[in-house]
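Residue-level structure breakdown
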Amino acid sequence: MNSAIIVFPGTNRERDMAKALTLVGGKAPQMVWHRDSALPAGLDLVVLPGGFSYGDYLRSGAMGARSPILDAVRRFAEAGGHVLGVCNGFQILTEAGLLPGALMRNRDLRFICRDVHLRVETIASPYTSAYGLGEVARVPVAHHDGNYFADDATLAQLADEDRVAFRYCAADGTVGEASTPNGSRDAIAGILSANRRVLGMMPHPENLVEPALGGIGGRALFQSIVESLS
Amino acid sequence: MSKEYPTVKAKVHITLKSGVLDPQGKAIANALAHLGFDGLGEVRQGKVIEIELAETDPAKARDSVDAMCRKLLANTVIENYAIEIA
Amino acid sequence: MSKEYPTVKAKVHITLKSGVLDPQGKAIANALAHLGFDGLGEVRQGKVIEIELAETDPAKARDSVDAMCRKLLANTVIENYAIEIA
Amino acid sequence: MSQSASTPATPITAKIVAEHGLTEAEYAKVLAIMGREPNLVELGIFSVMWSEHCSYKSSKKWLKTLPTTAPWVIQGPGENAGVIDIGDGLTAIFKMESHNHPSYIEPYQGAATGVGGILRDVFTMGARPVANLNALRFGDPSDPRTRHLISGVVAGIGGYGNCVGVPTVGGEVNFHASFNGNNLVNAMTVGVARADRIFYSAAAGIGNSVVYVGSKTGRDGIHGATMASAEFSEDSEEKRPTVQVGDPFTEKLLIEACLELMNTDAIVAIQDMGAAGLTSSCFEMASKGGMGVDLALDRVPMREEGMTPYELMLSESQERMLMVLKPGKEDMARALFEKWELDFAIIGTLTDSGRMVLTWHGEVVGDLPIDPLAAASPEYDRPWEPTPMAAAADLSGAEDTPWSEALLRLIGCPDVASRRWIWEQYDHLVMGNTLQRPGGDAAVIRLDEAPGKGLAMTTDCTPRYVHADPVEGGKQAVAEAWRNLTAVGARPLAITDNMNFGNPEKPRIMGQFVGACQGISEACLALDFPVVSGNVSLYNETNGQAILPTPTIGGVGVLDNVEASVSIALKAAGEAILVAGG
Ligand SMILES: Nc1ncnc2c1ncn2[C@@H]1O[C@H](COP(=O)(O)OP(=O)(O)O)[C@@H](O)[C@H]1O
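The shown structure was predicted, so the numbers you read here are calculated from the model rather than taken from an experiment.

**What about the interface of chain B and chain C?**
- Contact residues are listed per partner, giving 31 residues for chain B and 32 residues for chain C.
- The interface formed by chain B and chain C holds 0 salt bridges in total.
- On the surface where chain B and chain C come into contact, there are 10 residue pairs in polar contact (both at pLDDT 80 or more).
- Classifying every residue of the side of chain B that touches chain C by side-chain character gives 17 nonpolar, 8 polar and 6 charged.
- Of the pairings in the sheet, the one linking strand E2 (residues 40–53) of chain B to strand E2 (residues 40–53) of chain C comprises 11 bridges and is antiparallel in character. The residue of E2 of chain C that forms the bridge with Gly46 of chain B is Val48 of chain C.

**A few points about the interface of chain C and chain D**
- Between chain C and chain D, the residue contacts involve 12 residues of the former and 17 residues of the latter.
- Overall, the association of chain C and chain D removes approximately 1300 Å² of surface from exposure, summing both partners, and the carbon and sulfur fraction of that is 55%.
- It is Gly19, Leu21 and Val77 of chain C that lose the most area in chain C upon contact with chain D, and together they represent 39% of the buried surface on that side.
- Linking chain C to chain D there are 1 salt bridge.
- Between Lys26 of chain C and Asp247 of chain D there is a salt bridge whose closest N-O contact spans 3.4 Å.

**What about a nonpolar patch on the surface?**
- A cluster of nonpolar side chains, namely Trp403, Leu407, Leu410, Ile411 and Val416 of chain D, defines an oily patch on the protein surface of about 570 Å² accessible area.
- Position of Leu410 of chain D relative to the elements: it lies in helix H15 (residues 403–412).

**With respect to the sheet that holds strand E1 (residues 8–16) of chain B**
- Taken in spatial order, the 6 strands line up as E3(B)-E1(B)-E2(B)-E2(C)-E1(C)-E3(C) in an open sheet, and their pairing is antiparallel. Among the strands making up the open sheet, the edge pair consists of strand E3 (79–85) of chain B together with strand E3 (79–85) of chain C. Pairwise comparison of adjacent strand axes, ignoring direction, gives a mean angle of 25° for this sheet.
- The sheet contacts of helix H2 (residues 58–73) of chain B involve E1, E2 and E3 of chain B together with E2 of chain C, and relative to E3 of chain B the element is tilted by about 155°.

**Focus on the pairing of E2 of chain B**
Residues and elements named next belong to chain B.
- Across the 14 residues that make up E2, a large majority, 13, are buried.
- Here E1 runs beside E2; their pairing, made up of 7 bridges, is antiparallel. Counted as the bridge partner of His13 is Val48 from E2.

**Structural notes on the pattern of salt bridges**
- Summed over the entire model, instances satisfying the criterion amount to 57 salt bridges over all chains.
- Lys339 of chain D serves as the salt-bridge partner of Glu260 of chain D, at 3.3 Å between the closest nitrogen and oxygen. A residue pair is termed long-range when its members are at least 10 positions apart, and Glu260 of chain D in helix H10 (residues 248–262) and Lys339 of chain D in helix H13 (residues 330–339) qualify at 79 residues.
- In this structure Glu260 of chain D comes out as partly exposed when scored by relative accessible area, which is 29%.
- Lys339 of chain D sits in the partly exposed class, given a relative accessible area of 30%.
- In this structure, a network of salt bridges that share partners links the residues Glu14 and Arg15 of chain A together with Arg128, Lys252 and Glu256 of chain D.

**What about the packing of aromatic side chains?**
- Counted according to the given criterion, the structure contains 11 aromatic pairs over all chains.
- Here the aromatic rings of Tyr131 of chain A and Phe166 of chain A are separated by 6.0 Å at their centres, their planes lie at 85°, and the arrangement is edge-to-face. Placement of the pair is Tyr131 of chain A in the loop between strand E6 (112–120) and strand E7 (136–143) and Phe166 of chain A in strand E9 (residues 164–169), with a sequence separation of 35 residues. By the burial criterion, Tyr131 of chain A is buried, and Phe166 of chain A matches it.
- The rings of Phe8, Tyr54 and Tyr57 of chain A together with Phe249 of chain D are connected pair by pair, giving a single aromatic cluster.
- Across the ring face of Trp62 of chain D, the terminal group of Lys61 of chain D is positioned such that the distance to the ring centre comes to 4.9 Å.

Scoring rules and cut-offs
Residues numbered from 1 in each chain as written. Chains lettered and ligands numbered in written order. Predicted model: local features only at pLDDT ≥ 70, side-chain atom pairs only at ≥ 80, totals over all residues. Heavy atoms only, no water. Contact = heavy atoms within 4.5 Å. Salt bridge = Lys/Arg side-chain N within 4 Å of Asp/Glu carboxyl O. Polar contact = N/O pair within 3.5 Å; in protein donor to acceptor, adjacent residues only side chain to side chain. Nonpolar A, V, L, I, M, F, W, Y, C, P; charged D, E, K, R; others polar. Pairing = 2+ DSSP bridges. Helix = DSSP H or I, 4+ residues; strand = E, 2+ residues; numbered from the N terminus. Buried area = accessible area lost by both parts, 1.4 Å probe. Patch = residues over 30% accessible without salt bridge, like charges linked within 9 Å, V, L, I, M, F, W, Y side chains within 5 Å. Areas by Shrake-Rupley, 256 points an atom, 1.4 Å probe, with all protein chains shown as cover. Axes fitted to C-alpha atoms, helices over the stretch in contact; angles between N-to-C directions. Buried < 20%, exposed > 50% of the residue type's maximum accessible area, 1.4 Å probe, protein only. Phe/Tyr/Trp six-rings, centres within 6.5 Å; stacked < 30°, edge-to-face > 60°. Lys NZ or Arg CZ within 6 Å of the ring centre and 35° of its normal.

Keep in mind these numbers describe shape, not what the thing actually does.
Shown next as structure tokens:
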């Protein structure tokens, strides 16, 4: 599987992502600089990693979504390419209009870094096929602006089209406000595009793929990708 | 950059659309209540961006700022904006 | 909370004192330049907080909002604030 | 010597000298060194260089007594940070620094810029920062002001470290009413560098370019000197913020750009512009290398209009670095910094004059001899008195408290309660190497550069012990750091310290400092655990009330096999619990 990670000024989880992709996929991704206007040829996957692109000043992801490389990413996605946006990457994808909704300041206004539980809401996607439906996976979040907002019509559409990939939940899989760390509507942690090839999610599967780091809740996401795209 | 010749100052007011929950406003309202301020209704937080422009024609300046808002400054999924040219 | 009877709407404008570094404003200016907007001078970002108050007397409302600014809303070490009562 | 239009000659009155924090005796030395009356720019430079902060005039004598050597110490105190050998051709580079006063005035920005400053100290030496820690002390937890301070400080530390992408993996918090008017914010950064790629600050090479990189210079933090500078400026007080605003995004770019440049063969010397800005960075580089330097101040990138040479020399704007480049490397370096959208300016040249000559649009506005100024830097042997033996605490009635009630009270006590709400605001996972997260004895991270190897780190001090008995309290802080490292399976290697005390001009306070130094030394010697870097923060007093003496210790150890590391969690039911030690 050929993958590339887009590096914006202020990106800071590109190395974490590269390690996870290399560990599970066996092949190191290429790093692509934000000022480039084209993606390398022959890519199976483009990843927008976590961090604070352009400092997240103005709005998280706003400036990243307007950088030159995003036009290339948009063309790649429109041509049916697979794009994964994690944390800041998810914020960029919504700001760029590649996924619906917006990510607002966390409910308690504080940055949150801790393990959360996610319920896998669909396995009909190249990112979740290696999980079980309804499986509860433990992975960390680390964000200040992860409070997912979309209007009622959009939420209904996402639900109807089975495009909610992950919801925050308690350890036993119950979904509710108390187990939603950031106030997201409908406890949404990750969503898919209409063609199911673009995934945006706030939690960091790349930070929990090895027992040494305290768990492997994020590993099945990378396994799904490798199995679906190789 | 033409720091010497800016001739127009534009202010962009960006507010959350009604219906969009404002976590910052809500937190401020709670904090004010904790500090003993009562009789408060809704509290909302918005931003103001002030821009110095070299454009002298107010109509053109407004158009240009409007383009900035659509392209970058506001996220119209959740925000409204209003432009003031001084 | 007395959501039913708010009678005054106050707006607090909070801006960084001149001379204080405004990383947000700086980043916005750079981003606008990259998007092809030129002839820009300084860009500064501030906030506006809108508060609904149950106080009917404008002078008292202003005093109360001024107290909120000093106690919570503004940090007068680096920020200025201005109050508008509508 | 001529005066430029922007700095009209200001007569140096006794009042101006006092406002610059120089004593009469110190000013007499200034006159002797200069051989004439200094102008305002020069006086400002003396005031910065001879401040407590830069000259360590009250503490130097005692700091020299700390043990600083071991076979694995590559660089002890005196550089931007300490360097130790951790094997496999790698080094750990680390230091702790205080940002107490700014964090009290503006908790968010004060703490944030504290993190920024310590990060720069570490990457300046060629290390990629891999972990941050923070040691915090606040006043009475029931005081609403304490709440405000702690929430701002924690958000500021997180806001900066999270954005820069360095995990904040540990720290400590204590509460005591003595910190009501003087909270302590001590930030520590640990970085990793190849042993053959360490960068120092001594300038070398006559004719080499002195280069400024990073953010532009504004009128940030020109405090002590505000009054004097206001005299020749029509600007209002409002233009003189005393607190700097941090820009972690620019810092992140600066880290990446500097590390990229360090991978080439372009840098002769590098130094961050810390608290005393251009003055101290330039002076230190020149003085360490025995060089002279010509600086064209008009070439310094400026954020505001109408800035004066005085302001440029004293500004404390953040996210700036000074470098000496090898000849011919300027264009490559410029292109690199421009790629990262950072300012780059050649502002000076090294000379053999032994002097610092400052010009402003071609006119000389300052001319000072470097060595005499550095050599004459004041050093005081302040009178001190030993701390009297503290009375034993009154424990009467303690036995009558049922143990269950005592346990509840202990767990609920602010000094023991969970700190989860703090570390959850810090990204402690970024970089993907955090093996032991906050909440244990010491944090453990693994190293990308050497699979299987790890670093452990901790910060420790118990101020009330130091207050009761500075010698024993100093020892205890070092011993606790050593134990915390040992408890996670690491081999303790070295420490950094952050000495937070009250007014050293009071013999009682000076006695606490002297005692703590003695205790730290004894423990370091006994444990073969030398001091490789540190920072001193004195005058932590409000209305004559000093803080509890707080010599914070930051300890670093190495794990040759990270897999063997054990955590604090009880692993399984039925296992035996042992108590070891005496
Ligand atoms: N300010 C902080 N930042 C990060 N982690 C912290 C902080 N304060 C405490 N911790 C974590 O909580 C643990 C317990 O805190 P504390 O009781 O204050 O320290 P200690 O156990 O060293 O006495 C620390 O070892 C550290 O891992």
